[in-house]
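Structural overview
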Amino acid sequence: GIVFLILLRFFIGVCVWLSIIATIGFFILGGAVSIVRSGQCADASFWSSGQQTAVAVAVAGATAASNAVSGQEAISEAMTGDGQDYRGIQRYTKSGKNCVKWAEQTALPGYNATNYPGADLKVNYCRNPFNTSDWNKARTIWCTTNDAEVKWEECLPIGVIMPVCDNGYAVTSESARQALYYASFVIWAIGGLWVLIILCLINRIRLAIALNKVAAVFLAQNVLVLLIPMVQAFVGVIWMLLWALSASFLLSQVPDSYMPTGGFATYKEAYGTTSPCAFWETGDHCAATPGKCTDKWPQGFVWKDTDCGTDAEPKCFKCAPPRYVFDVRFAISFFVFLWNNAFNVALGQILIAMAVSIWFFSTEKGKVRTVGKAVKTVFRYHVGSVAFGSFIVAVIQFIRYLMKYLEKQASAQKNRVMVLVFKVVGCIIWCFEICVKFLNKNAYIQIALNGTPFCTAAKKAFFLILRNMLRFAAVVALSAAVNVIGFISIMVSTTVIGYFLVRAMHDDVNPVMPCVSYLVMSYIVAKLFMNVFGLAVDTSLQCFLACEEMGGCGDFIPGVLAKWVKKNVEKDSE
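For clarity, every value in this text was computed on a predicted model and none was experimentally measured. (Residues numbered from 1 in each chain as written. Predicted model: local features only at pLDDT ≥ 70, side-chain atom pairs only at ≥ 80, totals over all residues. Heavy atoms only, no water.)

**Some remarks on the sheet that holds strand 4 (residues 301–304)**
Within the open sheet, the 3 strands sit side by side as 3-5-4. Their pairing is antiparallel. Both outer strands of the open sheet, strand 3 (263–264) and strand 4, are each paired with one neighbouring strand and no more. Relative to strand 5 (residues 317–320), strand 4 runs antiparallel, the two sharing 4 bridges. Among the inter-strand pairings, Phe301 is bridged to a residue of strand 5, identified as Ala320. (Pairing = 2+ DSSP bridges. Helix = DSSP H or I, 4+ residues; strand = E, 2+ residues; numbered from the N terminus.)

As structure tokens, this is what we get:
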């Protein structure tokens, strides 16, 4: 992990631009695959079809460019039937092999201008020479090649990219072929839009690269900051175990009145019925009725007693209670659990943000004890802000889980409409929760920078994001890409090195399980490093924006960002 951060400082620019080029290549390749598949013949492989299409496009483009430069009028590539009347200038076969001049070819010496005077066997142009006395005739234009294994091969007229397949297509459906054909242009259009976005955001991408370099330098100089998420994880695990113990006791307290105590004459009355329809189907035949034992969640179950009572109609089916139940006591306990978890996460975020802020505005970077100073400042001044911000997140999460609980109750009542309603509401609340978490994280960074209360910091963070939306978007997108690269690099390199160490030290041991353990541990380490790194990038961005809005930060700002602050301040002054 440390090696990755050191290398990231020097190679992040290369990685980012290679990633951008790779995404452009994926768009080009995706469109090409789609259009080749749409015209692939049944008797041809995908590779040969792709090669044929690529050659046809390249030849057509080169010919058009040559005609445009020379000012020469394009020669007709018209052809009917088997191509005996073709008089175009195609000189490449379907697979891209260069044709040999008819007067010099020795592969099929009988085909020359003397034997076929009316075939126009000029230079090395593809033709289909044929006399009425010949017993062997090609189905289309062709030429000989210098390839010892392929003496001759068929050609396509210049400009024919996707020829008609006489033996049918690999994709038999005409509508599917049309969909693939037009999908290729949609993919290329999206790729073109992506290129335009990159060109418009090129300066912001370069700024994001600089911010990632700053974050890498911070972590390299302040390795102790990695202890923060470790302590968080330890405290979180201990807290969850203790809470699970108390929650298990609360869940298991099922009151006697939760289930009916009497019996029922039929299993249907006790258990209810299920709908035979899919969720999108409606009608009377889709109706279902809840049972007396299953009309609320958590649901009980039905059992048949041998003692059916003394009534004229036997009532043998009875209800058994579930093993757990949710009540008000558990709801309070669960909310406390959510609040403590959110508090733990928020505390880690503000501690890391505070450490980055202290380091960023320090003239002696690498010498100041940023972690200790950050812990002291946060616990002395900002615990209330952390508690309030985490309380908001916990309330939203609790409401989302409440929607899930109500969805289960509606399902137990066989109310399909309300099930869908609660699903949609839960999804909306989840989206809102993501937005609030993002705003809270930036609010904690503002608290670390300015020492303001939570509400003031959240307001400042909101308008800061609004004013610099494109910068934040570029940093978020780039951070996601670096995050993926980090995970892959740390996990793969750790596992590979571990494999060779195991083989070198214990060549008689099967390395599979040790490598699996290395992979799991490297994932945990990568998660640890990249989470801290991502928050360091976000904090560095807001520190940079603060310097920019203040008109510069003198000698405090890291050298990588100094030119950006200077350039933007000069631009604003103009």
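There's more to say after this.
**Focus on the confidence of the model for the chain**
It should be kept in mind that the predicted coordinates are not to be read in detail where pLDDT is low. Per-residue pLDDT for the chain averages 87, and the proportion of residues at 70 or more is 96%. Of all secondary-structure elements in the chain, the lowest mean pLDDT belongs to helix 14 (residues 559–573), at 63, while helix 9 (residues 383–412) reaches the highest, 95. (pLDDT = per-residue confidence, 0-100.)

**Quick look at the packing of helix 1 (residues 2–38) against helix 3 (residues 174–200)**
Closest axis-to-axis distance for the helix 1/helix 3 pair is 7 Å, and the angle between their directions is 165 degrees. Our classification of the angle between helix 1 and helix 3 gives roughly antiparallel. Where helix 1 crosses over helix 3, the two elements pack in a sense that is left-handed. Along the lines of polarity and charge, the residues of the contact of helix 1 with helix 3 split into 17 nonpolar, 7 polar and 2 charged. (Axes fitted to C-alpha atoms, helices over the stretch in contact; angles between N-to-C directions. Parallel < 35°, antiparallel > 145°, perpendicular 65-115°, else oblique. Left-handed = near helix turned anticlockwise from the far one by under 90°. Nonpolar A, V, L, I, M, F, W, Y, C, P; charged D, E, K, R; others polar.)

**Re the nonpolar core**
Counting 72 residues, the largest nonpolar core has Val225, Phe533 and Leu561 as the members making the most contacts within it. When contributions to this core are tallied by element, the ones reaching two or more residues are helix 1, helix 4 (202–221), helix 7 (328–360), helix 8 (370–381), helix 10 (416–450), helix 11 (454–467), helix 12 (469–505) and helix 13 (512–550). In terms of residue count, the dominant contributor to this core is helix 13 (13 residues). Those residues in contact with Leu561 that lie beyond four places of it in its chain are Leu207, Ala210, Leu211, Val214, Phe360 and Phe544. Counting residues in each nonpolar core, the second largest holds 13 residues, with Cys99, Leu121, Cys126 and Ala138 among its members. (Core = buried A, V, L, I, M, F, W, Y, C linked by side-chain atoms within 4.5 Å. Buried < 20%, exposed > 50% of the residue type's maximum accessible area, 1.4 Å probe, protein only. Contact = heavy atoms within 4.5 Å.)

**A look at helix 3**
The end-to-end C-alpha distance of helix 3 is 40 Å, a good match for the 39 Å that 27 residues give at a rise of 1.5 Å each. Among all positions in helix 3, only Arg177, Ser184, Gly191 and Ile198 are buried. Structurally, helix 3 contributes buried residues whose contacts are with helix 1 and helix 4. (Expected span 1.5 Å × (residues − 1).)

**Some thoughts on a nonpolar patch on the surface**
The grouping of Leu224, Leu227, Met230, Val231, Phe234, Val235, Val237, Ile238, Met240, Leu241 and Leu242 at the surface amounts to a nonpolar patch, some 1000 Å² of accessible area in total. Along the chain, the position of Leu242 falls in helix 5 (residues 227–251). (Patch = residues over 30% accessible without salt bridge, like charges linked within 9 Å, V, L, I, M, F, W, Y side chains within 5 Å. Areas by Shrake-Rupley, 256 points an atom, 1.4 Å probe, with all protein chains shown as cover. Salt bridge = Lys/Arg side-chain N within 4 Å of Asp/Glu carboxyl O.)

**Structural notes on the state of the cysteines**
Structurally, a disulfide amounts to a covalent bond that connects the sulfur atoms of two cysteines. Tallied over the entire structure, the rule returns 5 disulfides. With a sulfur-sulfur separation of 1.7 Å, Cys293 is cross-linked through a disulfide to Cys319. With the S-S bond torsion at -75 degrees, the cross-link from Cys293 to Cys319 turns out left-handed. Of the two residues, Cys293 sits in the loop between helix 6 (267–271) and strand 4 while Cys319 sits in strand 5, which places them 26 residues apart along the sequence. With respect to class, Cys293 is no different from Cys319; both count as buried. The disulfide partner of Cys308 is Cys316, and the gap between their sulfur atoms is 1.8 Å. Given an S-S torsion of about 110 degrees, the disulfide between Cys308 and Cys316 has right-handed geometry. (Disulfide = S-S within 2.5 Å.)

**What to know about the pairing of strand 5**
Covered by surrounding structure in strand 5 are Phe317 and Cys319 together with Lys318 and Ala320, the residues of both alternating faces. The sheet contact formed by strand 3 and strand 5 spans 2 bridges and is antiparallel. From the neighbouring strand, Phe264 faces strand 5, where its bridge partner is Phe317.

**Re the side chain of Gln40**
Looking at where Gln40 falls in the secondary structure, it is placed in the loop between helix 1 and helix 2 (46–70). Overall, Gln40 belongs to the buried group, its relative accessible area being 6%. Only 3.1 Å separates the side chain of Gln40 from the backbone oxygen of Ala44, close enough to count as a polar contact. Non-local contacts of Gln40, meaning those with residues more than four positions away in its chain, are made with Ser45, Phe46, Ser49, Cys165, Tyr169 and Ala170. (Polar contact = N/O pair within 3.5 Å; in protein donor to acceptor, adjacent residues only side chain to side chain.)

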